[in-house]
Amino acid sequence: MASSTLISDTQPWKELQAHAVDVKKTHLRDLLSNEERSRSMVVEFDGILLDYSRQLATVETREKLFKLAEVASLKEKINRMYKGEHINSTENRSVLHVALRAPRDSVIQSDGKNVVPDVWNVLDKIKEFSERIRSGSWVGATGKQLKDVVAVGIGGSFLGPLFVHTALQTDPEAIESARGRQLRFLANVDPIDVARNITGLNPETTLVVIVSKTFTTAETMLNARTLREWISSALGASAVAKHMVAVSTNLTLVEKFGIDPNNAFAFWDWVGGRYSVCSAVGVLPLSLQYGFSVIEKFLKGASSIDQHMHSEQFERNLPVLLGLLSVWNVSFLGYPARAILPYSQALEKFAPHIQQVSMESNGKGVSIDGVPLPFEAGEIDFGEPGTNGQHSFYQLIHQGRVIPCDFIGVVKSQQPVYLSGEVVSNHDELMSNFFAQPDALAYGKTSEQLKKENVPPHLVSHKTFSGNRPSLSLLLPSLNAYNIGQLLAIYEHRIAVEGFIWGINSFDQWGVELGKSLATQVRKQLNASRTKGEPVQGFNFSTTSMLTRYLKASADVPADLPTRLPKT
Ligand SMILES: O=P(O)(O)OC[C@H]1O[C@H](O)[C@H](O)[C@@H](O)[C@@H]1O
């Protein structure tokens, strides 16, 4: 396929469009009665089982999707990524998050240089630093051990680390290694988030890690200055050196901010923000909390999937299959959303993280060559852990709109609970739902069944479930650091596969810029109005009236902004 050809102009795309019309005439009930088909839709790798038999897809669909992958040059695109070519063409960068978790002896090139030694230099530095903090050989300005960490960052410098932290929090090994320590995340520029995060913390025993790829993000920098004030107002300006460190690609700005470059942990422009959890962005705060050896297992899990993604044939390749099925659902069946439903409370921050990875990567309107797309790319991702979601938005999934669902289950709970006299263990109770929901969605319930159950006629239509609602199930053996790394990498690569097929650049994010620059205009106006009483001007009627009302009603904010920190 010539690079400027849109995927939607190719024959395999058109064939899939025609095929989708046929598939829509079948019902999952019938598809699932074919056991041979179901058997061929179960794939296992490294302990993780994927069952996609409840996708609204036939064996022929799969073949046609592989043809689409071929015409989209999927294999070549994956190889180009692993070879460090500048596949992020609008930013002229390699995309090498796989190098962040590559074994020490592997060779991955970016711009003619093997980047793996640089990765391991930083990992070694994190290991050493985190051990010093955890052992108490590095102490705060008043000689006290630093037991608490506040990681300040937003977007990709926040969501991934928060997901992994939340997932590890109840893992027995991680609990042991985190005993007596706290890790918190300050992301929002809302001062309420500052208040929440410093409540109960003592600056004397707190280490603040400023995490920002660019070190220019407005929210993070204001929060960084706020926590610097929190530390220096309590312990004196010189305490900052002992209580603040940074993670960034921009070490010059780190130094300008007042953080010793020796206490800065680097990463590189070939790591996209939303793909950076395996860089110092995640590894530093997580190693401070759990110790490097736990986090190394997380990196190993991700690396195992990296190798699988790179070398496994498509028929057995988990991220490739998942990516192709998502393209099928979005572009051919016309389902714009995807629900991520982990049956594990430990994965409660997984969907919010994947929201950024997916929606910032694939929410694009033009091809990688800048040609407007005649089809929609990307999907709307949302999700909550089961069973909570069942008591919330599942109504819509069962009887309202069709939303393809990812059910993620875990065989062994991190925290088994059994009660004598109960029918099943607490985890089995949870998992009963994990196994039941996909069939409820697929099969539904017919009016004939309801009539047989003597449901009053006026309720039959209300109680009918059309079924034929696609889902897939991923079953993890357990949820330790290694499995968490596997799960992360499966989704990262799946999303890249979707972008490769759609022919977009999944690694830039120009769509976040416009709002930022308009906020700069508003910020200038707020300053001018508060300090010089200037009237609101240069905005439309709506914004002018809202801003005027806001300024008038908050006239008590002092123009000279004498320092004031949250009252906690
Ligand atoms: O890490 P930073 O440079 O502070 O960036 C934080 C975030 O802000 C930007 O607006 C991007 O949309 C995100 O991809 C990025 O992760």
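All residue numbers refer to position in the chain's written sequence, counted from 1. It should be noted that, the model being predicted, local features are given only for residues of pLDDT at least 70 and side-chain atom pairs only at 80 or more, the latter also being counted only at that level, while totals for whole chains, interfaces and linings use all residues. Each side-chain value is worked out from all heavy atoms of the structure, with water and hydrogens disregarded.

Within an unreviewed UniProt entry, the label attached to the chain reads Glucose-6-phosphate isomerase, and the organism entered is Vigna unguiculata. The record in UniProt for the chain states the following under Subunit (unreviewed entry): "Homodimer." UniProt positions are given in the numbering used here, feature names are shortened, and annotations may be inferred rather than shown by experiment.

(A) Quick look at the overall build of the chain. Where helices and strands are cited, they refer to DSSP runs of H or I of at least four residues and of E of at least two residues respectively, numbered from the N terminus. Helix and strand counts for the chain come out as 23 helices and 13 strands. In this treatment the radius of gyration is a C-alpha quantity, and the globule benchmark scales as 2.2 Å times the residue count to the 0.38 power. Taking 2.2 N^0.38 as the reference for a compact globule, 568 residues should give roughly 24 Å; the C-alpha atoms of the chain span a radius of gyration of 26 Å, in line with that estimate. Projected onto its principal axes, the C-alpha coordinates of the chain cover approximately 75 × 60 × 60 Å. Accessible area is worked out with a 1.4 Å probe on protein chains only. A residue is then buried under 20% of its type maximum, exposed over 50%, and partly exposed in between. The proportion of buried residues among the 568 residues of the chain is 52%. Here, Shrake-Rupley sampling with a 1.4 Å probe gives the accessible areas, and only protein chains in the shown set may cover a residue. Carbon together with sulfur atoms contributes 53% to the accessible area of the chain, which is approximately 25,000 Å² in total. Neither His nor the chain ends is counted toward charge; the positive residues are Lys and Arg and the negative residues Asp and Glu. The atom standing in for a charge is NZ when the residue is Lys, CZ when it is Arg, CG when it is Asp and CD when it is Glu. Charged side chains of the chain number 57 positive and 58 negative; the gap between the two group centres comes to 5 Å.

(B) Focus on empty space enclosed by the protein. Residues are called lining when one of their atoms sits within 4 Å of a cavity or pocket point, these points coming from a 1 Å grid over the protein atoms alone, where a cavity is a set in which a 1.4 Å probe fits but cannot get out and a pocket is an open set with protein on both sides within 12 Å along at least five of seven lines. Grid points are joined across faces, edges and corners, and a volume is the space filled by probe spheres set on the points. Applying the stated criterion across every chain yields a total of three cavities of 30 Å³ or more. Its volume calculated, the largest cavity comes out at about 80 Å³. In terms of lining, the largest cavity is formed by 14 residues, of which the most central are Ser326, Asn329, Arg338, Pro404 and Arg494. Elements supplying a minimum of two residues to the lining of the largest cavity: helix H15 (318–332), strand E10 (337–342) and strand E12 (405–410). For the lining of the largest cavity, the leading source of residues is H15, giving four residues. Looking at the lining of the largest cavity residue by residue, the classes come out as seven nonpolar, three polar and four charged. Approximately 70 Å³ is the volume found for the second largest cavity. As for the second largest cavity, its lining consists of Met41, Tyr52, Ala57, Arg62, Leu65, Phe66, Leu321, Leu324 and Leu325. Basically, the charged four are Asp, Glu, Lys and Arg, the nonpolar ten are Ala, Val, Leu, Ile, Met, Phe, Trp, Tyr, Cys and Pro, and anything else, Gly included, counts as polar.

(C) Structural context of the site of the ligand. Residues are classed as near a molecule or strand on a simple rule: at least one heavy atom within 4 Å of it. The full set of residues close to the ligand is Ile154, Gly155, Gly156, Ser157, Ser212, Lys213, Thr214, Thr217, Gln356, Glu360, Val512 and Lys516. Contacts described as polar in this section are N or O atom pairs within 3.5 Å, which, within protein, must combine one atom able to donate a hydrogen with one able to accept it, while residues neighboring in sequence count only if both atoms come from side chains. Threonine 214 places a polar side-chain atom, nitrogen or oxygen, 2.6 Å from an oxygen atom of the ligand. Between the ligand and threonine 217 there is a distance of 2.5 Å, counted from an oxygen atom to a side-chain nitrogen or oxygen. For the ligand, whose free accessible area comes to 390 Å², the fraction covered by protein is 87%. The class makeup of the residues in the shell around the ligand is two nonpolar, seven polar and three charged.

(D) The arrangement of the sheet that holds strand E8 (residues 244–248) in detail. If DSSP finds at least two bridges between two strands, the strands pair. Read across the open sheet, the five strands follow the order E6-E5-E7-E8-E9; overall the sheet is parallel. For this open sheet the edge positions go to strand E6 (182–186) and strand E9 (264–266), each flanked by a neighbour on one side alone. On average, each strand axis in the sheet is tilted by 20° relative to the strand beside it, whichever way the strands run. Pairing analysis gives five bridges linking strand E5 (residues 148–152) to E6, with the strands arranged parallel. Across the sheet, the residue bridging to valine 150 is arginine 184, located in E6. Contacts are residue-level and defined by heavy atoms, with any inter-residue pair within 4.5 Å sufficient. Angles run from 0 to 180 degrees between N-to-C directions of axes, and those axes are lines fitted to C-alpha atoms, restricted for helices to the stretch in contact. Its contacts with the sheet place helix H9 (residues 191–198) against E5 and E6, and it is angled at close to 175° to E6.

(E) Looking closely at the environment of glycine 370. With respect to the helices and strands, the residue glycine 370 is situated in the loop between helix H16 (350–362) and strand E11 (380–382). Through-space distance from the C-alpha of glycine 370 to that of asparagine 505 is 9.4 Å; in sequence the pair is 135 residues apart.

(F) Focus on the domain arrangement of the chain. Where each domain starts and ends follows an automatic or database-derived domain assignment. Split into domains, the chain comes out as domain 1 (26–85 + 312–505), domain 2 (99–296) and domain 3 (517–567). Taking the mean C-alpha position of each, domain 1 and domain 2 sit 33 Å from one another. If you look at the interface, domain 1 gives 26 residues, while domain 2 gives 23 residues. Salt bridges are defined by distance alone: a side-chain nitrogen of Lys or Arg within 4 Å of a carboxyl oxygen of Asp or Glu. For the salt bridge of glutamate 492 with arginine 101, the shortest nitrogen-to-oxygen distance reads 2.7 Å. Where domain 1 touches domain 2, the interface holds 10 residue pairs in polar contact (both at pLDDT 80 or more). Taken together, the elements giving at least two residues each to the side of domain 1 that touches domain 2 come down to H16 and helix H21 (481–502). Tallied by class, residues from the side of domain 1 that touches domain 2 come to 12 nonpolar, eight polar and six charged.

(G) Summary view of the sheet that holds E12. The strand order across the open sheet formed by six strands is E1-E2-E13-E12-E10-E11, and the pairing between neighbours is mixed. Two strands in the sheet have a free side with no partner beyond their single neighbour: strand E1 (42–45) and E11. Taken pair by pair, the neighbouring strands of this sheet meet at an average axis angle of 15°, ignoring direction. In this structure, strand E2 (residues 48–51) lies alongside strand E13 (residues 471–476), joined through three bridges in antiparallel fashion. Within the sheet, the bridge partner assigned to leucine 49 lies in E13 and is leucine 475. Relative to E11, H16 is tilted by about 165°, and along the sheet it contacts E10, E11 and E12.

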